[in-house]
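# Notes for the structure review
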Amino acid sequence: MPAFSLEPSQTARCAELRTLAAERLRPLAEKGEPGRVNRPLVAELGRLGLLERLFTSGALDLCLMRESLAHACTEAETALALQGLGAHPVHAHGTPAQRDRWLPAVGEGSAVAAFALSEPGAGSDAAALSLSAEPDGPSRWRLTGEKCWISNAPEADFYTVFARTTPGAGARGVTAFLVPADRPGLTGTALDMLSPHPIGALALDAVPVGADDVLGEVDRGFRVAMGTLNLFRPSVGAFALGMAQAALDATLAHTSRRDAFGGKLRDLQSVAHTVAEMALRTDAARLMVYAAATAYDEGAPDVPKRAAMAKLLATETAQYVVDTAVQLHGARALQRGHLLEHLYREVRAPRIYEGASEVQRGIIAKELYADLEVS
């Protein structure tokens, strides 16, 4: 399928999702408590069949879901994405028992998942993980250390935890474990963050895990992490695009209604040209996101580079578009409860999580030079 166009059925499905988000999900989101898992919202995502689609759809469909939901309800989009991020390693690398235990509950919205990669000393440099998995008998370990800035912590029902099983081995000595929240020695605390969903820290004090908890292979957990991020990075860009489009739509409406200098704001060339620039950048980023997602679905060899480019361009573009929309709206956009006040707070974080913009540039450069050496 061409990366630059959507089928009519896909376009119709996006419109349907925007309507569902506005009519059924936004009211639940508005009743949620900031900094807490909104379980009624997660359950509604399950009833609508959206959570199950996380495990049956490709990367492009994931992007379309995230962009459509974000346009009308960022909280619903984030709840969906975090379920996918936390549970994808189980879907892709779990044993039949692990999948049977957790994926149906995630799909119906009764179990909340979390992806526990970052640590106080290992954010952007994920290969520098220090949380240790000390041997505790044949195929048994004890996890000791900390995780930090973990979305859905400390309220998730299970965590995909990445720990160091081989000291000094860098990325080659990390193993992914599925750790239920009630495992002895696992505790968590909430962090006071600029975020509507919970973000917390985890403390692991000799948490017991065994072969049945391993996701994938021992010492190959970094592949699990990077494979998950390669799938979700373009869709982070799609999330950002949903916000950018919402800001652009609001700006078109506002500048068409607002009286200024004897006419409408849209009649000012500087305003019209600025709106055109917002639309240009949004559409350009959208094309890159769709292309990266299509490349993932087709198994292209340059997915890491494309995924990094898509996330980088889309998140930086959304920051520009939302900020510009605020400028064109003026002071009203900074009032609590205004759409743009909400988007202005929401749009900042995607430039940091799942690999900051600087990390994406590093990935892109690394892949470019690798291609040069091969050729």
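## Notes on the packing of helix α7 (residues 221–257) against helix α10 (residues 339–346)
Look at α7 against α10: their axes get within 11 Å of each other, and the N-to-C directions meet at 155°. In terms of orientation, α7 and α10 fall into the roughly antiparallel class. As α7 runs across α10, the sense of the crossing is left-handed. Seen from α7, the contacting residues are F239, M243, A246, A247 and A250; seen from α10, they are L339, L340, L343 and E346. Of the residues contributing to the contact of α7 with α10, the split by class is eight nonpolar, no polar and one charged.

## Details of the side chain of Q319
Looking at where Q319 falls in the secondary structure, it is placed in helix α9 (residues 303–329). Once residues lying within four places of it in the same chain are set aside, the contact partners of Q319 are V347, R348 and R351.

## Here we look at unusual backbone geometry
Going from A153 to P154, the amide bond is cis rather than trans, its omega being 5°. Its location among the elements puts P154 in the loop between β3 (140–151) and β4 (158–164). One non-glycine residue, S139, adopts positive backbone phi at about 55°. Considering the arrangement of structural elements, one finds S139 in the loop between β2 (132–135) and β3. A positive phi is found at W149, a non-glycine position, where the angle reads about 60°. Topologically, W149 is positioned in strand β3.

## What about the packing of α9 against helix α11 (residues 357–374)?
In contact at an axis separation of 9 Å, α9 and α11 are set at 145° when each is read in the N-to-C sense. Handedness of the α9/α11 crossing: left-handed. Where α9 approaches α11, its residues P304, K305, A308, M309, K311, L312, T315 and E316 are matched on the opposing element by S357, Q360, R361, I363, I364, E367, L368 and D371. Residues belonging to the contact of α9 with α11 are distributed by class as follows: seven nonpolar, three polar and six charged.

## Describing α7
Residues that lie three or four places apart on an α-helix share one face, since the helix turns once every 3.6 residues. In this model, α7 (37 residues) spans 54 Å end to end at C-alpha, consistent with the 54 Å of a helix rising 1.5 Å per residue. Approximately 30° is the largest bend angle found in α7, and it occurs at F232, with the proline P234 only one to four residues beyond. Among the 37 residues in α7, 28 count as buried, and that is most of the element.

## Examining the packing of aromatic side chains
The final tally for this structure, using the stated rule, is three aromatic pairs. Plain terms: the ring middles of W102 and F158 are 4.5 Å apart, the flat faces sit at 40° to each other, and that makes the pair tilted. Of this pair, W102 sits in helix α6 (residues 96–108) while F158 sits in strand β4; the two residues are 56 residues apart in sequence, bridging distant segments of the chain. Relative accessible area serves as the criterion here: at 9%, W102 is assigned to the buried category. Between W141 and F177 the ring centres are 5.4 Å apart and the planes differ by 65°, which places this aromatic pair in the edge-to-face class. Linking W141 in strand β3 with F177 in strand β5 (residues 174–180), this pair joins segments that are 36 residues apart in sequence. In this pair, the class of W141 matches that of F177, namely buried.

## Examining α11
With 18 residues, α11 ought to run about 26 Å at 1.5 Å a step, and its terminal C-alpha atoms sit 26 Å apart, in line with that. Where α11 is concerned, the buried positions are S357, Q360, I363 and I364. Looking down the long axis of α11, one finds its buried residues gathered within 115° of arc, a one-sided arrangement. Exposed residues pointing more than 90 degrees away from the buried face of α11 are listed as E358, K366, Y369, L372 and E373. Here the buried face of α11 lies against α7 and α9.

## Thoughts on the nonpolar core
L143, F162 and F177 are the most contacted members of the largest nonpolar core, which has 81 residues in total. With eight residues, the single largest contributor to this core is helix α4 (residues 59–72). With 23 residues, the next largest nonpolar core counts A240, A244, A247 and L340 among its residues.

## Comments concerning the pattern of salt bridges
For the structure shown, the criterion picks out 19 salt bridges. The closest approach of N and O atoms between E16 and R13, which form a salt bridge, is 3.0 Å. A residue pair is termed a helical-turn pair when its members lie 3 or 4 positions apart in one helix, as E16 and R13 do in helix α1 (residues 8–31) at three residues. Note on R13: relative accessible area 24%, which makes it partly exposed.

About the cut-offs
Residues numbered from 1 in each chain as written. Predicted model: local features only at pLDDT ≥ 70, side-chain atom pairs only at ≥ 80, totals over all residues. Heavy atoms only, no water. Axes fitted to C-alpha atoms, helices over the stretch in contact; angles between N-to-C directions. Helix = DSSP H or I, 4+ residues; strand = E, 2+ residues; numbered from the N terminus. Parallel < 35°, antiparallel > 145°, perpendicular 65-115°, else oblique. Left-handed = near helix turned anticlockwise from the far one by under 90°. Contact = heavy atoms within 4.5 Å. Nonpolar A, V, L, I, M, F, W, Y, C, P; charged D, E, K, R; others polar. Expected span 1.5 Å × (residues − 1). Bend = angle between axes of the 7 residues up to and from the residue. Buried < 20%, exposed > 50% of the residue type's maximum accessible area, 1.4 Å probe, protein only. Phe/Tyr/Trp six-rings, centres within 6.5 Å; stacked < 30°, edge-to-face > 60°. Arc of directions from axis to C-beta. Core = buried A, V, L, I, M, F, W, Y, C linked by side-chain atoms within 4.5 Å. Salt bridge = Lys/Arg side-chain N within 4 Å of Asp/Glu carboxyl O.

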